[in-house]
Amino acid sequence: MPTLKPTQHEALQVVPSGQLRRLNAEDIKPSTNNPRVLFDPPQLAELKKNIAQHGVLVPLTIFQPKGQVKYSILDGERRYRCVVELNQEGHLGPDGKPLKLPANIVEPPTMIAGLLYMFSIHNFREAWELMPTALSLKTVMQELGETDNAKLMKLTGLSERQIERCKSLLEFPEKFQKLSLDPDPKTRIPPNFWIEALPVLDLAMDKVENVKKLGRDGATEKLVEKYRDRKIKSVIHFRRIMESYESTEEDKTANAKVLRHIERFFLNPKTETRELFDEFIVDKKRIQNALNACETFITQLKKFKLKYTADDEERESLRKSLIEVRAYCESLEEALKGSDDPEAPKD
Amino acid sequence: MWRFYQSVSAALRFHDYKPQPLGFLSARRWMMQFKKDDQEHAALLLENVIYLSERKTRRILVEQNEALMARLARAGIPSKNLIYVQVHDPGSSSPVMLNMLRDACSLERRGCRFMDSRDSYGITKLTSELKEGALIYVDDFVGTGNQFCEARDFAMKNVFVPTFSEFLLVPSICEEAIYKIAAKGIEAFSGHVHSKAERPLHDNSAILEPSAKARLREVCKGISPRMSLGYKDLATMVVLYRNAPNSVPAVLRGNLNQTPFAGIFPRASDLPLKKLG
């Protein structure tokens, strides 16, 4: 059971302990953060049918938070929910009484153990929203003093890209982070706004003197104002700025012009992204080239008829190459997610 | 003569009702709006009002809070790990109750924390900082429990630290809400659980004769066809000094702007607008 201590790695071991008891469903508190969608209805129906026939065979893992009468669930939310439903439907156990739940009662987990546990269920079942994930990740980083992506991936089960996105969010001061948890959806800023805005902000603070003078918070505020005034119609539009800058890096005159436009973008509240940067966007030819390359790549590979390659060494090196291709394609696909259409659903 | 005594009794019992001063004359005026045969039933209805004066409200909150704090202290949770949460919008009763409790129990001096249920960021951050503790929601009255559960779910949406227990501190709560809140694992500390049997106009109450109940229900319907027995037909009888809940029967609240029927416990929002200047 995850009775963990924050003092590093032995803390992350699962230590079976506690006592086994049979409890009424009313003695147990449902999890606060287990979203309902986490439970696939057909799977839940199957489990429920099984429990109706045989009762709960695998004990839940529960603990009693300090001061609370009811037990909280660490593991076994689905079994608990099935029993609650069966009891509500009037199903009785073999003893003619409402169904009970066998449960291992363990010591309350430490905050960090509980948090890592929550990470694990949410990764395997349903992802948390980005901002709360970032806040939880921040707690993990602070408590364990760990900032290395690979280690954080292992601890939390998040992908590297998710960790990077969270870290981008955490680069903004709290007053801006708070805007993404605004209870009013009309004034809430989507978390993707910060992630997409970050490289533009870094670039402007590095290269544009008049933006630098605003200070980082001042410049960020300008972007928030612009977004609220709908001068940034889609958060994806920030990419046009970066694309404009990167595609003109070889041409000093054009690049200087992009920087002047970035200055106007920050300082003039009326300017829109597309109006300032569309002229720098490179034609569609390179996308077409990429599409052709994808097609040729697949066609060629199919032609080679590689499925039954027998040589171990060759097979291994081919697998290695394919894994590299896949990793690059996945990262590119992930980076291209989102829509330029302001009406498209946002994060 | 009995009408005289009823009016005096009402004036004495409900004298600190805030939205509108309640004295002998206003009590009598309320009674006289009923047909003669109904006045006795109306008087009986009034007798069954469970009135929580400011003093009583404070006493209940303080007593319940002390009991809760003592239990949490025994469980090893110091007062600095207690987060008191006001629910619903600013200006509603919850912040008023929380302020009252804070002052009466010197919660600030004890190091307790205060949050708004809408500040999901702040709650997430604070629970992570404190690592373990208790969230104590404070409200004045809970009827169906729907509104409370909605506010609580929003507050807890991003709280991933499982080492916090949750409590609701409330002077009065309806029996319907107790089950709903308990199902979420929240324990209510309340001075009064308002049962259906205590509500004369409720289906499950035998306080009034069926014919009297039917008559008064008809009057309620005449005042407010849609909210005759209050929100979700709860027909509750708890009235707090600060305001009557929206779940009381229409005869107690009266019409909007108090015409043609003037209630004895109009809600602040039922009263005509006062002219400024």
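Higher on the page you've got the structure.
Reference entry: report on the structure contained in this document. (Residues numbered from 1 in each chain as written. Chains lettered and ligands numbered in written order. Predicted model: local features only at pLDDT ≥ 70, side-chain atom pairs only at ≥ 80, totals over all residues.)

### Thoughts on the overall build of chain A
Phase 1 of the analysis: Scanning chain A for helices and strands turns up 15 helices and 5 strands.
Phase 2 of the analysis: Counting the 347 residues in chain A, one finds 31% classified as buried.
Phase 3 of the analysis: The contacts of chain A with a sequence gap of at least 6 include a subset with a gap of at least 24, amounting to 69%. (Helix = DSSP H or I, 4+ residues; strand = E, 2+ residues; numbered from the N terminus. Buried ≥ 20, exposed ≤ 12 C-beta atoms within 10 Å, placed from the backbone. Contact = placed C-beta atoms within 7 Å.)

### A short note on the interface of chain A and chain B
Phase 1 of the analysis: Taken together, the contacts link 25 residues of chain A with 27 residues of chain B.
Phase 2 of the analysis: Those elements that place two or more of their residues in the side of chain A that touches chain B are helix 3 (111-124) and helix 4 (130-144) of chain A.
Phase 3 of the analysis: Residue composition of the side of chain A that touches chain B, by class: 12 nonpolar, 9 polar and 4 charged. (Nonpolar A, V, L, I, M, F, W, Y, C, P; charged D, E, K, R; others polar.)

### Quick word on the sheet that holds strand 2 (residues 28-29) of chain A
The pairing of strands in a sheet happens through backbone hydrogen bonds and is either parallel or antiparallel.
Residues and elements named next belong to chain A.
Phase 1 of the analysis: Overall, mixed pairing links the 5 strands, which are arranged 1-5-3-4-2 in an open sheet. Taken across any chain shown, the strands that pair with only one partner, and hence form the sheet edges, are strand 1 (19-24) and strand 2.
Phase 2 of the analysis: Taken together, the 2 bridges between strand 2 and strand 4 (residues 71-75) define a ladder with parallel strand orientation. For isoleucine 28, the partnering residue across the bridge sits in strand 4 and is tyrosine 71.
Phase 3 of the analysis: Packing of helix 2 (residues 77-88) onto the sheet brings it into contact with strand 2, strand 3 (60-63), strand 4 and strand 5 (100-106), and relative to strand 5 it is tilted by some 150°. (Pairing = 2+ DSSP bridges. Axes fitted to C-alpha atoms, helices over the stretch in contact; angles between N-to-C directions.)

### As for the nonpolar core
Phase 1 of the analysis: Counting residues in hydrophobic clusters, the biggest one holds 143 residues, and the most contacted among them are Val83 and Leu115 of chain A together with Tyr84, Val85, Ile136, Leu168 and Leu169 of chain B.
Phase 2 of the analysis: Of all the elements, helix 3 of chain A adds the most residues to this core, at 8 residues.
Phase 3 of the analysis: With residues near it in sequence (within four places) discarded, tyrosine 84 of chain B still touches Leu98, Leu107, Cys112, Arg113, Phe114, Ile136 and Val138 of chain B. (Core = buried A, V, L, I, M, F, W, Y, C linked by C-beta atoms within 7 Å.)

### Quick look at the environment of serine 72 of chain A
Phase 1 of the analysis: Its place among the elements puts serine 72 of chain A in strand 4.
Phase 2 of the analysis: For the pair serine 72 of chain A and proline 30 of chain A, spaced 42 residues apart in sequence, the C-alpha separation works out to 6.8 Å.
Phase 3 of the analysis: Look past the residues within four positions of serine 72 of chain A in its chain and what remains in contact with it is Lys29, Ile62, Phe63 and Pro65 of chain A together with Pro162 of chain B.

Function cannot be read off these values alone, since they describe shape.
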